[in-house]
Amino acid sequence: MKNFNKLFIAAALCISSSAFGQTKNAVVDNIVKEATENSQLQTLAHELLDGVGPRLVGTPQFDQAGKWALEKYKAWGITARQEKWGDWRGWERGISHIDMVYPRVHTIEGTQLAWSPGMKKPVTAEIILLADVADSTAFANWLPKVKGKFVMISMNPVSGRPDDNWKEFALSGSFDKMKAERTAQSDAWRNRIKKTGYTSRTLPLALEKAGAAGIITNYWSQGFGVDKIFAAYTKTIPTVDIALEDYGLLYRLTEKNEKPRITIHTESKELGAKPTFNVIGEIKGAEKPNEYVMLSAHFDSWDGGTGATDNGTGTLTMMEAMRILKKAYPKPKRTILVGHWSSEEQGLNGSRAFVEDHPEIVANLQALFNQDNGTGRVVNISGQGFAKAADFIGKWLDVVPDTIRHQIKTNFPGAPGGGGSDFASFVAVGAPGFSLGSNSWSYGNYTWHTNRDTYDKIVFDDLRSNAILTAILVYMASEDPNKLPRDKATDSSGQTIKWPEPAKANRHGGFE
């Protein structure tokens, strides 16, 4: 590791030209040196992800994480605050125990979904499959059969092997056959739900009203051992996601009329409306304090895992970059802000609220850099539809060590992002927000919103590269004598490209 660090530092020192015509840039050198010789990333990751854990909006853990971040910034000499922008349904996860008790005893892997109602005591009941009926009238006639039973409402998985495993080992005919079967089964299951007259959102409520004991789902994430864990729609009975392997077992037993029974015990607490905050850190500008450069990452997560790569890694990158900047660049020209947003997962609500509440910052924003798609090193940056983005970002990237810069593909002027992460909240109002797009590391299948999004999935070498890149981009944007223009790019016909419409923040969420 020491040799790696020396190579990293040497790469930066070999730069022949640097910011604004200088032949050497001490700030860039010091950023690289601090990041490689005194990295705090692993300590921060352990404290946030292992110590505090997941950060679902409205939970005590989210509030605890916010206070932890404030303490960190205070220790680094950085001013930080919690900014309340609304409230959210308060909820706290408890334990989940799920066991098959007939026709044999078997402990089931599964977890209750977020905001699932708590249970006063364990419930043992038979399992029933969602019926395949002719239409909504037939479904209404069938509904009384769910009373007192756990109802499975997801399809039986065709295979628990991800596609890349099939590609590696299967005969082409077998792989094609499996995919065809999976497509047919998926279509049939969607049609099964459609014929009930309900949607995947409203169906659990209908089953609940009919007296079901609980709802059983499976949302496989197309990888070994991973499920996506989202929110429950039920109000009084539990909704649990059961891992593919056990879901398939229970489905087959039920389908063969062996009448399996399971015991479910899940605990959770409803906490009423709870204030929700963004955490904002600040290093005041010395020459242009009313112009701003921003670092950006959402702070909240789903809570099937610990939110390590979505978006713990973005959070850690921005915190580490702020720490480094405070040491290497303590008197910036423009004010440097960092936004740790809440309720991104429910619709970019924290960043949208900030845009609404701080027009003076938005109007004077030089650039915002956001990271939110996993632990990987940054490999792409788009101009987000700003006509002059290449002139500025290209210049700022010139001083980034080649070991980092050569991996990055740029797309100028690009197209404005309409959603997906918090930079889009700024782009929608014409402010220059840019996404630092990361290498995948199988993010979509294995960690994005899953029960396996945990500390051990972090690639710290990539994170360190991202912290260096972010700190240098922020430094360069702060020092640039010119302000990045907000001219919108035009298409081949000379017309201004289509721009996304701003959306309002949901400031009272989780109750609908």
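The rules behind each value
Residues numbered from 1 in each chain as written. Predicted model: local features only at pLDDT ≥ 70, side-chain atom pairs only at ≥ 80, totals over all residues. Heavy atoms only, no water. Helix = DSSP H or I, 4+ residues; strand = E, 2+ residues; numbered from the N terminus. Rg over C-alpha atoms; globule rule 2.2 N^0.38 Å. Buried < 20%, exposed > 50% of the residue type's maximum accessible area, 1.4 Å probe, protein only. 1 Å grid on protein atoms, 1.4 Å probe; cavity = no way out; pocket = protein on both sides within 12 Å on 5 of 7 lines; lining within 4 Å. Points joined across faces, edges and corners; volume = space filled by probe spheres on them. Nonpolar A, V, L, I, M, F, W, Y, C, P; charged D, E, K, R; others polar. Phe/Tyr/Trp six-rings, centres within 6.5 Å; stacked < 30°, edge-to-face > 60°. Lys NZ or Arg CZ within 6 Å of the ring centre and 35° of its normal. Expected span 1.5 Å × (residues − 1). Arc of directions from axis to C-beta. Contact = heavy atoms within 4.5 Å. Pairing = 2+ DSSP bridges. Salt bridge = Lys/Arg side-chain N within 4 Å of Asp/Glu carboxyl O. Core = buried A, V, L, I, M, F, W, Y, C linked by side-chain atoms within 4.5 Å.

S.K.: What should I look at first to understand the overall build of the chain in this one?
M.R.: Helix and strand content of the chain: 17 helices and 15 strands. Taking 2.2 N^0.38 as the reference for a compact globule, 512 residues should give roughly 24 Å; the C-alpha atoms of the chain span a radius of gyration of 25 Å, in line with that estimate. Expressed as lengths along the three principal axes of its C-alpha atoms, the size of the chain is roughly 80 × 55 × 55 Å. Within the chain, buried positions represent 55% of all 512 residues.

S.K.: Explanation requested: empty space enclosed by the protein in the structure shown.
M.R.: Here the idea is plain: a probe the size of a water molecule rolls over the atoms and shows the empty space left. By the definition in use, this model includes three cavities of 30 Å³ or more. As a volume, the largest cavity reaches approximately 50 Å³. In this structure, the largest cavity is lined by Trp302, Asp303, Gly304, Gly305, Gly307, Asp310, Glu345, His449, Thr450 and Asp453. Across the lining of the largest cavity, the residue classes break down as one nonpolar, five polar and four charged.

S.K.: Is there a simple way to think about the packing of aromatic side chains in this case?
M.R.: Aromatic ring pairs are defined here through the distance separating the ring centres and the angle between the ring planes. Applying the stated rule across the entire model yields 20 aromatic pairs. A ring pair is formed by Tyr455 and Phe460, whose centres lie 5.6 Å apart and whose planes are at 50°; its orientation type is tilted. Through successive ring pairs, a cluster of aromatic residues spans Phe369, Phe386, Phe392, Trp396, Phe434 and Trp499. Positioned over the ring face of Phe175 is Lys179, at 4.4 Å from the centre of the ring.

S.K.: When you look at helix H4 (residues 60-75) in this model, what are you seeing that I'm missing?
M.R.: With 16 residues, H4 ought to run about 22 Å at 1.5 Å a step, and its terminal C-alpha atoms sit 23 Å apart, in line with that. Taken as a whole, H4 has its buried residues at Phe62, Ala65, Gly66, Trp68, Ala69 and Tyr73. All buried residues of H4 fall inside an arc of 160° around its axis, so they share one side. Pointing more than 90 degrees away from the buried face of H4 are the exposed residues Glu71, Lys74 and Ala75. Those residues of H4 that are buried are in contact with helix H3 (41-52), strand E1 (79-102), strand E8 (261-283), helix H10 (308-328) and strand E10 (334-341). Gly77 occupies a position one or two residues after H4 and carries a positive phi of about 80°.

S.K.: Any chance you could explain the pairing of E1 here in plain terms?
M.R.: Here is the key point about a regular strand: its side chains alternate between the two faces of the sheet. Judged from the 20 bridges that link them, E1 and E8 form a sheet pairing that is antiparallel. Paired with Arg81 across the bridge in E8 is Ile280. Bridge count for E1 against strand E15 (residues 508-509) is two bridges, and the pairing is parallel. Looking across to E15, one finds that Trp88 is bridged to Gly509. In this sheet, strand E2 (residues 106-107) lies alongside E1 in antiparallel orientation, the contact comprising two bridges. Following the sheet pairing, Met100 is matched in E2 by His106. With antiparallel pairing between neighbouring strands as the criterion, E1 and E2 make up a hairpin whose turn holds three residues.

S.K.: Before we go on, may I ask you to explain the layout of surface pockets in this structure?
M.R.: Within this model, the largest pocket holds a volume of roughly 1400 Å³. Residue lining of the largest pocket: 39 residues in total, with Ser200, Tyr219, Phe230, Ala231 and Tyr233 positioned closest to the centre. Listed by contribution, the elements that provide at least two residues to the lining of the largest pocket are E1, helix H7 (172-195), helix H8 (203-209) and strand E7 (239-242). In terms of residue class, the lining of the largest pocket is built from 19 nonpolar, 11 polar and nine charged. Its boundaries defined by the atoms lining it, the second largest pocket holds a volume of some 190 Å³. Every residue lining the second largest pocket is counted, 16 residues in all, and those nearest its centre are Arg352, Ser425, Ala428, Pro502 and Ala503. Looking at which element gives the most residues to the lining of the second largest pocket, the answer is helix H11 (residues 349-357), with three residues.

S.K.: Explanation requested: the environment of Tyr102 in the structure shown.
M.R.: On the secondary structure map, Tyr102 appears in strand E1. Note on Tyr102: relative accessible area 37%, which makes it partly exposed. Sequence separation between Tyr102 and Arg261 is 159 residues, and the spatial gap between their C-alpha atoms is 5.1 Å. Discounting chain neighbours no more than four positions away, the residues touching Tyr102 are Glu258, Lys259, Pro260 and Arg261.

S.K.: Could you clarify how one ought to interpret the pattern of salt bridges in this entry?
M.R.: Two side chains bearing opposite charge may form a pair once their charged atoms approach each other closely. Evaluation of the coordinates by the stated rule reveals 24 salt bridges. One salt bridge in this structure joins Lys67 and Asp63, with 2.6 Å as the shortest N-O distance. In this pair, Lys67 and Asp63 both sit in helix H4, four residues apart, roughly one turn of the helix. A residue is classified by how much of its surface remains accessible, and Lys67, at 42% relative accessible area, is partly exposed. Relative accessible area serves as the criterion here: at 27%, Asp63 is assigned to the partly exposed category. In this structure, the salt-bridge partner of Arg464 is Asp461, at a minimum N-O distance of 2.9 Å. With a gap of three residues between them, Arg464 and Asp461 both fall in helix H17 (residues 460-479), about one helical turn apart. Assessed through its relative accessible area of 7%, Arg464 is described here as buried.

S.K.: Where do I start with unusual backbone geometry in this structure?
M.R.: Note: most peptide bonds trans; most residues except glycine with negative phi. Look at the link from Tyr102 to Pro103: it is a cis peptide, with omega at 10°. Mapped onto the elements, Pro103 comes out in the loop between E1 and E2. Phi at Trp441 is positive, roughly 50°, even though this residue is not glycine. In this structure, Trp441 sits in the loop between strand E14 (433-438) and helix H16 (443-447).

S.K.: Looking at this structure, I do not really get the nonpolar core. What am I missing?
M.R.: Nonpolar side chains tend toward joint burial in soluble globular proteins. Core analysis: the largest hydrophobic core is formed by 83 residues, its most contacted members being Ile31, Met294, Leu325, Phe369, Trp396 and Phe426. For this core, the element with the highest residue contribution is H17, accounting for 11 residues. When neighbours within four sequence positions are excluded, Met294 is seen to be in contact with Leu337, Val338, Gly339, Trp341, Phe354, Ile361, Leu365, Ala367, Leu368, Phe369 and Phe426. Residues Met100, Met119, Trp142 and Val146 belong to the second largest nonpolar core, which totals 37 residues.

None of this, on its own, says anything about what the molecule does.
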